Amino acid sequence: MLRTHTCGELRAEHIGREVTLCGWVDTYRDHSGVLFVDLRDRYGRTQVVFAPEGGEENLKVAKSLRSEYVISATGKVAARPEGTVNAKLATGEIELRVDRLEVLNRCLTPPFHPTAQDLPGEDLRLKHRYIDLRRPRMQRAMMLRHRMIKIMRDYLDELAFIDVETPILGRSTPEGARDYLVPSRVQQSAFYALPQSPQLYKQILMIAGYDRYVQIARCFRDEDLRADRQPEFTQLDLEMAFVDADDVIGVIDGLMARLAKEILGLELSLPLKRMTYDEAMERFGHDAPDLRFGMELTDLTDLAQQSDFRVFRGVAESGGRIRGINAKGAAGKYSRKGIDELTNYIQEDFGAQGLAWFKVDEAGKLASPIAKNFEAGLLEKIAQRMDAESGDLLLFVADKFEVTCKALYGLRKRLGAELKLYDPKQMHFSWVVEFPMFAHDEEEGGWTAMHHPFTAPRRQDRERLTSDPEACRAQAYDLVVNGSEAGGGTVRIHDQQLQRQVFGLLGIDEATAKDRFGFLLDALQYGAPPHGGIALGIDRLVMLFGGLESIREVIAFPKTQRGTDLMTGAPGQVDAKQLRELGIKAAR
RNA sequence: GGGGGCGUAGCUCAAUUGGUUAGAGUACCGGACUGUCGAUCCGGUGGUUGGGGGUUCGAGUCCCCUCGCCCUCGCCA
């Protein structure tokens with residue numbers, strides 16, 4: 001080792017010891033006769049001092065040091081003179097009096113400084129990620145990620161899970177996200193697909209008798225990016241045999257409790273709360289509601305029907321819904337213009353027709369341009385149902401159920417943040433269960449799998465597969481943390497006949513099923529145990545535990561919204577020769 | 001594919017209704033300084049205002065196109 005200690009560990013007890021530190025020059029303060037350098041590594045910072053007593057030559061060389069030079073400094077640990085102790089620094093009681101300095105490497109003037117107070121633009125940070133990753137904040141995020149993964153591994157190891165790796169080069173599956181494809185050289189015009197998840201492999205492992213599987217699995221989905229979505233991301237993927245939904249949920253409950261305790265010092269009370277999908281949509285308009293605050297959706301369809309307000313009546317009569325939220329005490333915070341902005345937001349982002357609103361005046365009466373369409377008694381009933389008090393702002397959306405869900409979910413989320421209805425540091429964990437098996441396929445008609453095509457229906461819903469697929473509920477469960485889907489899983493179909501039936505409903509014909517999933521259908525006939533599992537989005541979980549805004553903050557080398565890596569330039573051009581070998585021609 | 005925001009010195013930002021030579025802090029370079037810790041003080045270098053085109057006597061500012069980054073809807077079993 002070129003060093004005896006790190007830049008974060010020297011304390012008063014080391015005074016008098018001869019040590020060598022290595023690190024990056026964080027800052028330097030040249031006072032001519034004496035020069036201070038704050039030397040930084042990922043463990044911390046230590047002040048190293050160059051003075052004439054340490055050798056004139058060392059002092060001279062020290063004067064040439066600049067930001068981010070890499071140096072090795074040897075000398076004695078000394079107590080700082082009285083009055084010069086730095087309480088802001090963990091190592092602030094001591095300093096290193098250098099008598100041997102070696103410049104291990106110089107550094108160009110960095111485009112930005114790792115400990116500067118002003119954060120540079122994210123594109124610059126991504127281009128020079130090696131400097132960005134030196135930032136203590138980034139290092140904390142990386143270490144948090146490491147610790148969380150370590151806890152996951154340890155916890156699951158204790159529960160007899162074994163880590164099995166599954167292929168990255170697989171085959172394309174018909175449903176789900178767009179695949180990343182990898183051309184095969186030896187089978188020209190055939191392609192591998194990168195895994196969207198190890199789903200089928202882990203089911204095969206259950207059939208193979210590895211009854212508790214886990215993997216920190218890289219997954220790939222070629223879809224548009226978001227603040228919480230990258231084209232490649234990491235899942236804690238696990239699967240268990242001889243279990244039902246409660247067992248899987250129980251394992252994750254325990255894991256969340258341990259993470260919360262060890263990372264945040266929080267005691268979670270188990271079991272975590274559960275809510276059905278239908279309840280979540282009714283109360284919050286979304287399958288991953290943020291339960292850190294209230295402002296639940298309230299249905300008003302029956303009352304709205306009695307009004308003279310044409311929009312309300314029309315929607316109600318055509319089978320739509322009128323639902324609303326009460327932004328407590330927010331009447332004064334949203335002017336006419338502010339409400340216009342909210343209206344604009346739900347129209348443009350969610351396709352809502354409009355936003356109806358009432359402000360509750362001092363007398364507790366509902367005031368609004370549309371109030372004249374409502375009889376006084378009706379207004380009172382509305383106020384009562386909405387739990388309206390003076391100063392409240394009531395917002396209503398009248399539309400198809402789905403649109404009211406989206407628009408009010410959007411409003412609730414936005415108002416929750418704008419009105420600071422929750423402490424951003426607070427953490428809330430819960431489950432949403434019993435998702436529908438199927439959703440309407442907007443583009444092609446018919447049904448599409450809500451989760452994936454291997455999801456088992458609830459036992460009591462098996463009859464409904466034929467009679468009423470829409471009402472059929474799945475043995476599915478999503479982990480929700482702070483209004484974010486942190487993971488999801490299901491109990492799988494372990495019966496070949498049932499699997500075929502579900503494929504049939506999804507419009508996957510016999511030939512396609514055999515072609516794409518033949519191996520699974522085969523395997524299901526060779527002693528498949530009942531099994532189920534879950535996958536947690538590790539990037540998202542780390543982001544949430546770290547209180548961070550973007551998934552890019554917890555990924556060492558993330559991609560931009562357009563899927564590029566600003567540091568390496570990926571994706572990039574390839575040689576014509578490479579394409580020839582693959583038998584591929586670029587169209588453009 | 002749609003909507004929105006941003007782009008000015010290495011970095012973070014400013015620049016009045018379109019108006020003189022585009023400024024500040026910081027970084028960088030040079031000088032001074034033996035106890036600083038966001039060191040301080042003095043001096044200096046540094047600009048294709050993302051790129052292209054247009055309107056105008058005159059464009060960082062207005063218009064069109066384009067590139068990049070971010071947020072978002074669609075999409076993401």
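Residues numbered from 1 in each chain as written. Chains lettered and ligands numbered in written order. Predicted model: local features only at pLDDT ≥ 70, side-chain atom pairs only at ≥ 80, totals over all residues. Heavy atoms only, no water.

A. Main features of the overall build of chain A. Per the secondary structure count, chain A includes 17 helices and 22 strands. In terms of its C-alpha atoms, chain A occupies a principal-axis envelope of roughly 90 × 75 × 55 Å. Here chain A holds 588 residues, and the buried ones make up 49% of them. In the structure as shown, chain A presents an accessible area of about 29900 Å², 49% of it carried by carbon and sulfur atoms. If you average the places of the 79 positive and of the 88 negative side-chain charges in chain A, the two averages end up 4 Å apart. (Helix = DSSP H or I, 4+ residues; strand = E, 2+ residues; numbered from the N terminus. Buried < 20%, exposed > 50% of the residue type's maximum accessible area, 1.4 Å probe, protein only. Areas by Shrake-Rupley, 256 points an atom, 1.4 Å probe, with all protein chains shown as cover. Lys, Arg positive; Asp, Glu negative; His and termini not counted. Charge placed at Lys NZ, Arg CZ, Asp CG, Glu CD.)

B. Examining the sheet that holds strand S16 (residues 393–399) more closely. Overall, antiparallel pairing links the 5 strands, which are arranged S12-S13-S16-S14-S15 in an open sheet. Each edge of the open sheet carries a strand with a single partner, namely strand S12 (298–299) and strand S15 (366–367). For S12 and strand S13 (residues 321–327), the ladder comprises 2 bridges, and the chain directions are antiparallel. Looking across to S13, one finds that Thr298 is bridged to Gly324. (Pairing = 2+ DSSP bridges.)

C. Local environment of the protein's contact with RNA strand B. Near RNA strand B there are 53 residues, and of these Thr84, Glu95, Gln117, Ala449 and His451 occur at the shortest range. Among the atoms of RNA strand B lying within 4 Å of the protein, the sugar-phosphate backbone contributes 51%. Elements supplying a minimum of two residues to the surface near RNA strand B: strand S1 (18–30), strand S2 (35–41), strand S5 (94–105), helix H2 (122–127) and helix H10 (336–350). It is S1 that contributes the most residues to the surface near RNA strand B, 4 residues altogether. Of the residues that constitute the surface near RNA strand B, the class distribution is 15 nonpolar, 17 polar and 21 charged. (Near = heavy atom within 4 Å. Nonpolar A, V, L, I, M, F, W, Y, C, P; charged D, E, K, R; others polar.)

D. Here's a closer look at the pattern of salt bridges. A full pass over the atoms with the stated rule returns 46 salt bridges. Between Asp30 and Lys63 there is a salt bridge, and its shortest N-O distance comes to 3.0 Å. One end of the pair, Asp30, is in strand S1; the other, Lys63, is in the loop between helix H1 (56–62) and strand S4 (70–79), and 33 residues separate them in sequence. We classify Asp30 as partly exposed; its relative accessible area is 41%. Looking at Lys63, the relative accessible area reads 31%, which means it is partly exposed. Salt-bridge contacts for Arg258 lead to Glu158; the nearest nitrogen and oxygen are separated by 2.8 Å. Separated by 100 residues along the polypeptide, Arg258 in helix H6 (residues 245–264) and Glu158 in helix H4 (residues 136–158) bring together distant segments of the chain. For Arg258, a relative accessible area of 24% puts it in the partly exposed group. A relative accessible area of 52% places Glu158 in the exposed class. Among the charged side chains, a network of salt bridges with common partners joins Asp26, Arg29, Asp38, Arg40, Arg45, Glu68 and Arg134. (Salt bridge = Lys/Arg side-chain N within 4 Å of Asp/Glu carboxyl O.)

E. Here's a closer look at the nonpolar core. Formed by 82 residues in total, the largest nonpolar core has its most connected members in Ile252 and Met256. Element by element, the count of residues in this core is highest for H6, at 11 residues. Apart from residues no more than four positions distant in its own chain, Ile252 is found in contact with Leu238, Trp431, Leu479, Ile534 and Leu536. (Core = buried A, V, L, I, M, F, W, Y, C linked by side-chain atoms within 4.5 Å. Contact = heavy atoms within 4.5 Å.)

F. Spotlight on the sheet that holds strand S9 (residues 212–220). Spatial ordering of the open sheet is given by S6-S9-S10-S22-S21-S20-S17-S11, a layout of 8 strands whose pairing is mixed. Looking along the sheet, the strands with just one partner apiece sit at the ends: strand S6 (162–163) and strand S11 (273–276). Each of S11 and strand S17 (429–433) is contacted by helix H7 (residues 277–284), which is oriented at about 85° to S11, the strand it contacts most. Contacts between helix H16 (residues 538–545) and the sheet are confined to S9, strand S10 (232–241), S17, strand S20 (476–481), strand S21 (484–491) and strand S22 (531–537), with S22 contributing the most and set at about 50° to the helix. (Axes fitted to C-alpha atoms, helices over the stretch in contact; angles between N-to-C directions.)

G. The arrangement of the packing of aromatic side chains in detail. Under the counting rule described, the total for this entry stands at 15 aromatic pairs. With 6.2 Å between their ring centres and 50° between their planes, Phe438 and Trp447 make a pair best called tilted. Taken together, the ring pairs connect Phe309, Phe312, Phe358, Phe374 and Phe396 into an aromatic cluster. In this structure, Arg412 is placed above the aromatic ring of Phe293, and the distance from its NZ or CZ to the ring centre is 4.1 Å. When the ring centre of Tyr345 is taken as origin, the NZ or CZ atom of Arg414, which lies over that ring, is 4.9 Å away. (Phe/Tyr/Trp six-rings, centres within 6.5 Å; stacked < 30°, edge-to-face > 60°. Lys NZ or Arg CZ within 6 Å of the ring centre and 35° of its normal.)

H. A look at a negative patch on the surface. Taken together, Glu402, Glu442, Asp468 and Glu470 make up a surface patch of like negative charges. Mapping Glu442 onto the fold places it in the loop between strand S18 (438–440) and strand S19 (447–449). (Patch = residues over 30% accessible without salt bridge, like charges linked within 9 Å, V, L, I, M, F, W, Y side chains within 5 Å.)

I. Quick look at the environment of Gln139. Examined against the element boundaries, Gln139 turns out to sit in helix H4. Relative accessible area serves as the criterion here: at 17%, Gln139 is assigned to the buried category. In sequence terms Gln139 and Ala556 are 417 residues apart; their C-alpha atoms lie 9.5 Å from each other. With residues up to four places along the chain from it excluded, the contact list for Gln139 reads Asp41, Arg42, Leu133 and Arg134.

J. Helix H15 (residues 510–524), seen in detail. With 15 residues, H15 ought to run about 21 Å at 1.5 Å a step, yet its terminal C-alpha atoms sit only 16 Å apart, falling short of that. A maximum bend of about 90° is found in H15 at Phe517. What H15 keeps buried is the set Ala513, Phe517, Gly518, Leu520, Leu521, Ala523 and Leu524. Tucked into the core, H15 has its buried residues touching helix H5 (199–207) and helix H14 (496–505). (Expected span 1.5 Å × (residues − 1). Bend = angle between axes of the 7 residues up to and from the residue.)

K. Local environment of the packing of H4 against H6. Two elements in contact, H4 and H6, have axes whose closest approach is 10 Å; the angle formed by their N-to-C orientations is 140°. What the angle tells us is that H4 and H6 run oblique. The interaxial crossing formed by H4 with H6 has right-handed handedness. Listed contacts from H6 to Leu144, Arg147, Met148, Ile151, Met152, Tyr155, Leu156 and Glu158 of H4 are Gly250, Val251, Gly254, Leu255, Arg258, Leu259, Glu262 and Ile263. Here the contact of H4 with H6 is built from residues that sort into 10 nonpolar, 2 polar and 4 charged. (Parallel < 35°, antiparallel > 145°, perpendicular 65-115°, else oblique. Left-handed = near helix turned anticlockwise from the far one by under 90°.)

L. Molecular detail of the pairing of S4. Burial runs high along S4: 7 of the 10 residues are buried. In the sheet, S1 pairs with S4 via 7 bridges, with the strands oriented antiparallel. Its bridge partner lying in S4, Thr20 is registered against Thr74. Relative to S5, S4 is paired through 10 bridges, and the arrangement is antiparallel. Within S5, the position partnered with Ser72 by the bridge is Glu102.

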